[in-house]
Amino acid sequence: MPNFSGSVKLKYVKLGYQYLVNHILTFLLIPIMVGIVIELLRLGPDQIYEIWSSLHFNLIQVLCSSFFIIFIGTVYFMSKPRSIYLVDYACYKPPVTCRVPFATFMEHSRLINSANPKSVEFQMRILERSGLGEETCLPPANHYIPPKPTMEASRGEAELVIFSAIDDLLKKTGIKTKDIDILIVNCSLFSPTPSLSAMVINKYKLRSNIKSFNLSGMGCSAGLISIDLARDLLQVHPNSYALVISTEIITPNFYKGNQRAMLLPNCLFRMGAAAILLSNRRRERRRAKYRLVHVVRTHKGADDKAYRCVYEEEDPQGNVGISLSKDLMVIAGEALKSNITTIGPLVLPASEQLLFLFTLIGRKIFNPKWKPYIPDFKEAFEHFCIHAGGRAVIDELQKNLQLSAEHVEASRMALHRFGNTSSSSLWYEMSYIEAKGRMKKGDRVWQIAFGSGFKCNSAVWKCNRTVKTPTDGPWADCIDRYPVFIPEIVKL
């Protein structure tokens, strides 16, 4: 008996199975259509005419049937959700004067924490394994020794990153500020009065009847929450534009203490922002880059551990900071599983859903020890934008979703070049894919983000047109150097 596994490549067996199941309707309909055509050819024109003449139509029945079809069609199109288009977006690119090389970061840490060498050593170990590069940036206030997290400096950073991103977006799209109907700003940790959304309205003199929202305290996944809110608003406000701003202001959130769980954000978070223009106008369909397909939100806040795994609090010395729990990756994994359970049936092809169903039934009925089948999401998406929260986050998702190095390349390179830019990181990753010239018409993109609470949110986009390689943007001056090799440990 020949070795079947050795003589046949199982990879191609699976590909054949996927093609068969995903095109089962085509395979069933083609023989039926061929049979009908053969039968019509066999009958001839005279017999076909006799059959047609023998049919008797009642005028009332025809009118009722026509009215019913028109009514059903009208109800369908009236109840169908409006298509939401991503016209364009822009990411803030920090100036070189804000750059923080490893040597600079560590020198500042030693000077600020001179009385606590163990804290300095801990930050060095984190930085060595972080996946960040030498070109990440911190706001001007954080370059002082010690840092100056004043309200004025915080507002200055907010104005710099938000206004720069909006200016770039307005230049790219050519729309006037008076055309903006909806404004949503999300920034988790800096929530001044007046709000950041009011700051934008004042700067650009937006209309007095604009629908504005300011989201705070929702963590790194707030960007997709803003997209979801914009989608819902665009469903009830026809012919509108929605401007979404995603950012995190770093200046007021520098932790001055020595608690290790609270020192992590100092090492990972960097400045950044993204401005996104959405619309439900039909005329934007041709020039829009993407169409929003799905948004799926998962919240695990009912669980106490999940609720407290990313928690703002004071340390014993009264210093305020963000504490990251050791259970963070486990909780993130559970949130991801819940999110996948919801989004899987919406995006996976029939072949993957059947395999998952058969495995589930087999484990329930025959053998609980059977290895659970992990759906192949590479069959549903061409591109993956995983929140660049840290090297461990990307590694865990690559492992759990069985992704290749190329699938997580955008996330790793965005983390390396810009650091953890919180809710805006997904857009730096999308920009990387475009800068590499990989975004083609019909491609599907899966954005996955995690945030405090604890939340896992997903958005699915479909590319509306082949995106030309941009000549500007955050990657314009460095895309030729990427991808770069990122060692497991960078010795400092």
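Right above here is the structure, for reference.
Here is a short report on the structure shown in this document. (Residues numbered from 1 in each chain as written. Predicted model: local features only at pLDDT ≥ 70, side-chain atom pairs only at ≥ 80, totals over all residues. Heavy atoms only, no water.)

### Some remarks on the overall build of the protein
Piece 1. The helix and strand tally for the protein stands at 17 helices and eleven strands.
Piece 2. For the protein, the C-alpha atoms occupy an extent of roughly 100 × 75 × 45 Å along the three principal directions.
Piece 3. Counting only contacts in the protein whose residues sit at least 6 apart along the sequence, the fraction spanning at least 24 positions is 80%.
Piece 4. Within the protein, the 43 negative side-chain charges are centred at a point lying 2 Å from the centre of the 60 positive side-chain charges. (Helix = DSSP H or I, 4+ residues; strand = E, 2+ residues; numbered from the N terminus. Contact = heavy atoms within 4.5 Å. Lys, Arg positive; Asp, Glu negative; His and termini not counted. Charge placed at Lys NZ, Arg CZ, Asp CG, Glu CD.)

### What to know about the nonpolar core
Piece 1. Leu278 and Trp461 are the most contacted members of the largest nonpolar core, which totals 122 residues.
Piece 2. The residues contacting Leu278, other than those within four sequence positions of it, are Ile84, Tyr85, Leu86, Ile227, Ala230, Leu234, Ser240, Tyr241, Ala242, Val244 and Trp461.
Piece 3. Tyr255, Met262, Ile322 and Leu324 belong to the second largest nonpolar core, which has seven residues in total. (Core = buried A, V, L, I, M, F, W, Y, C linked by side-chain atoms within 4.5 Å. Buried < 20%, exposed > 50% of the residue type's maximum accessible area, 1.4 Å probe, protein only.)

### Let's talk about the sheet that holds strand β2 (residues 182-186)
Piece 1. With mixed pairing, the nine strands of this open sheet are ordered in space as β3-β2-β4-β5-β1-β6-β11-β10-β9. This sheet does not close on itself; its edge strands, each paired only once, are β3 (211-215) and β9 (383-386). Neighbour to neighbour, the strand axes of the sheet diverge by 20 degrees on average, direction disregarded.
Piece 2. The pairing of strand β4 (residues 241-247) with strand β5 (residues 273-279) spans seven bridges and is classified as antiparallel. What sits directly across from Ser246, in β5, is Ala274.
Piece 3. This element, helix α8 (residues 151-173), spans β1 (85-91), β4 and β5 of the sheet and lies at about 130 degrees to β1. (Pairing = 2+ DSSP bridges. Axes fitted to C-alpha atoms, helices over the stretch in contact; angles between N-to-C directions.)

### Focus: the pairing of β9
Piece 1. Residue alternation in β9 divides its side chains into two sets, His383 and Cys385 and Phe384 and Ile386, and both sets are buried.
Piece 2. When β9 meets strand β10 (residues 444-451), the two strands line up parallel, connected through four bridges. Its bridge partner being in β10, Ile386 is matched across the sheet by Ile448.

### What to know about the side chain of Gln447
Piece 1. Inspection of the secondary structure assignment puts Gln447 in strand β10.
Piece 2. Owing to a relative accessible area of 0%, Gln447 belongs among the buried residues under this scheme.
Piece 3. A distance of 2.9 Å separates a polar atom in the side chain of Gln447 from a polar atom in the side chain of Trp461. (Polar contact = N/O pair within 3.5 Å; in protein donor to acceptor, adjacent residues only side chain to side chain.)

### Some thoughts on a positive patch on the surface
Piece 1. Where like charges cluster on the molecular surface, the positive patch consists of Lys80, Arg82, Arg282, Arg285 and Lys441.
Piece 2. For Arg285, the position within the fold is in the loop between β5 and β6 (290-299).
Piece 3. Among the residues examined, Arg285 registers a relative accessible area of 54% and is labelled exposed. (Patch = residues over 30% accessible without salt bridge, like charges linked within 9 Å, V, L, I, M, F, W, Y side chains within 5 Å. Areas by Shrake-Rupley, 256 points an atom, 1.4 Å probe, with all protein chains shown as cover. Salt bridge = Lys/Arg side-chain N within 4 Å of Asp/Glu carboxyl O.)

### Quick look at the pattern of salt bridges
Between side chains of opposite charge, a pair can form as their charged atoms come close.
Piece 1. All told, the structure shown has 19 salt bridges when counted by the stated rule.
Piece 2. Its salt-bridge partner being Glu382, residue Arg444 comes within 2.6 Å of it at the nearest N-O pair. Taken together, the residues Arg444 in strand β10 and Glu382 in the loop between α14 (350-365) and β9 connect sequence positions 62 residues apart.
Piece 3. Under the relative-accessibility criterion, Arg444 is labelled partly exposed at 27%.
Piece 4. A salt bridge links Glu488 to Arg391; its shortest N-O distance comes to 3.8 Å. In this pair, Glu488 sits in the segment after β11 (455-463) while Arg391 sits in helix α15 (residues 391-400), placing the two residues 97 residues apart along the sequence.
Piece 5. Glu488 sits in the exposed class, given a relative accessible area of 59%.
Piece 6. Each of the salt bridges in this network shares a partner with another, and the network as a whole consists of Asp88, Lys172, Lys289 and Glu434.

### What about the packing of aromatic side chains?
Piece 1. Across all of its chains, the model carries 13 aromatic pairs by this definition.
Piece 2. Aromatic side chains Tyr89 and Trp427 sit 5.3 Å apart centroid to centroid with 50 degrees between the ring planes, which places their arrangement in the tilted category. With Tyr89 in strand β1 and Trp427 in helix α17 (residues 425-435), this residue pair connects regions lying 338 residues apart in the sequence. Each member of the pair Tyr89 and Trp427 is classed as buried.
Piece 3. Measuring from ring centre to ring centre gives 6.1 Å for Phe384 and Trp446, while their planes differ by 55 degrees; the resulting arrangement is tilted. Taken together, the positions of Phe384 in strand β9 and Trp446 in strand β10 put the pair 62 residues apart, joining distant regions of the chain.
Piece 4. In this structure Phe384 comes out as buried when scored by relative accessible area, which is 1%.
Piece 5. By relative accessible area, which is 0% here, Trp446 ends up buried.
Piece 6. An aromatic cluster is built from Phe418, Tyr428, Tyr432, Trp475 and Tyr482, whose rings are joined through pairwise contacts. (Phe/Tyr/Trp six-rings, centres within 6.5 Å; stacked < 30°, edge-to-face > 60°.)

### A short note on helix α13 (residues 328-347)
Piece 1. The first and last C-alpha atoms of α13 sit 27 Å apart over 20 residues, in line with the 28 Å expected at 1.5 Å per residue.
Piece 2. The sharpest bend along α13 comes to roughly 30 degrees, located at Thr341, with the proline Pro345 sitting one to four residues further on.
Piece 3. Of all the positions in α13, only Leu328, Ile331, Ala332, Gly333, Ala335, Leu336, Asn339, Ile340, Ile343, Gly344 and Val347 are classed as buried. (Expected span 1.5 Å × (residues − 1). Bend = angle between axes of the 7 residues up to and from the residue.)

### Thoughts on a nonpolar patch on the surface
Piece 1. A contiguous nonpolar patch, built from Leu354, Leu357, Phe358, Ile361, Ile365, Phe366 and Trp370 and spanning about 710 Å² of accessible area, is present on the exposed surface.
Piece 2. Considering the arrangement of structural elements, one finds Ile361 in helix α14.
Piece 3. Under the relative-accessibility criterion, Ile361 is labelled partly exposed at 36%.

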